[in-house]
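Structural overview
Each chain is listed here by its residues.
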Amino acid sequence: MTRAPNLNSIILSGDLYAADVTPTSAFIYFEPSGIEHEHAAHYVKTKGVWTQESNLYGDLLKAIGGEHLEDEMLSLLGLEDTL
C-alpha cells in the first residue's frame, strides 16, 4: 500500500515543502502542527542522486511515515534523481 495520497495531500496543504532549491541543494520542511521548521532536513544532489545531508530539526523521515517514503517524497516535491 502506497502512502502517496497522504504525502500528496500534505504537500498540497503546505505542511510539507521544499525551499531554497538549487540544482544541487534543497531544504525540506514538514510542519504538521504549524510550528515553524518542526521537522527539517537539508538534501544535496551528488552525482545525480538526492541524499539527506543532515537532519536540522526533528526527524523528517520518521515524521512523514518512514524512510521507505523518502524517494516518493522527493519525487512529489520535484527533486528527481538524474542518473
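Everything that follows concerns the structure shown earlier in this document.
Here's a quick rundown of the structure. For clarity, every value in this text was computed on a predicted model and none was experimentally measured.

**Some words on unusual backbone geometry**
Backbone geometry at His37 places phi at a positive 55°, although glycine is not the residue there. Within the secondary structure layout, His37 lies in the loop between β2 (25-30) and β3 (39-46). On the accessibility criterion, His37 (24% relative accessible area) is partly exposed. For Lys47, which is not glycine, the phi torsion reads 50° and is therefore positive. Its location among the elements puts Lys47 in the loop between β3 and β4 (49-57). Judged by relative accessible area, which is 80%, Lys47 ranks as exposed.

**Structural notes on the side chain of Ser25**
Here Ser25 is to be found in strand β2. Of the polar contacts made by the side chain of Ser25, one reaches the side chain of His42; its length is 2.7 Å. Once residues lying within four places of it in the same chain are set aside, the contact partners of Ser25 are Asp20, His42, Tyr43, Val44 and Trp50.

**Structural notes on the sheet that holds β4**
With antiparallel pairing, four strands are arranged side by side in an open sheet as β1-β2-β3-β4. Edge positions in the open sheet fall to β1 (16-22) and β4, since each of these has one partner strand only. The sheet shows a mean angle of 25° between the axes of neighbouring strands, direction not considered. Pairing geometry for β1 and β2, over five bridges, is antiparallel. In the strand pairing of β2, Ala18 is matched with Ile28.

Rules used throughout
Just so you know, the residues in each chain are numbered from 1, in the order the chain's sequence is written. Where totals are concerned, whole chains, interfaces and linings use all residues; where local detail is concerned, this predicted model gives features only for residues with pLDDT of at least 70, and gives and counts side-chain atom pairs only at 80 or more. Think of the side-chain values as coming from all heavy atoms in the structure, minus any hydrogens and water. The numbering of helices and of strands both runs from the N terminus, where a helix is a DSSP run of H or I of at least 4 residues and a strand a run of E of at least 2. In this scheme, a residue with accessible area under 20% of its type's maximum is buried, one over 50% is exposed, and one in between is partly exposed, where area comes from a 1.4 Å probe on protein chains only. Polar contact criterion, stated in full: a pair of N or O atoms within 3.5 Å, where within protein one must be able to donate a hydrogen and the other to accept it, and residues adjacent in sequence count only if both atoms are side-chain atoms. Residue contacts follow a heavy-atom distance rule, with two residues in contact if any of their heavy atoms lie within 4.5 Å. Any two strands are treated as partners once DSSP identifies two or more bridges connecting them. Axes here refer to lines fitted to C-alpha atoms; in helices the fit is confined to the stretch in contact. Angles between the N-to-C directions go from 0 to 180 degrees.

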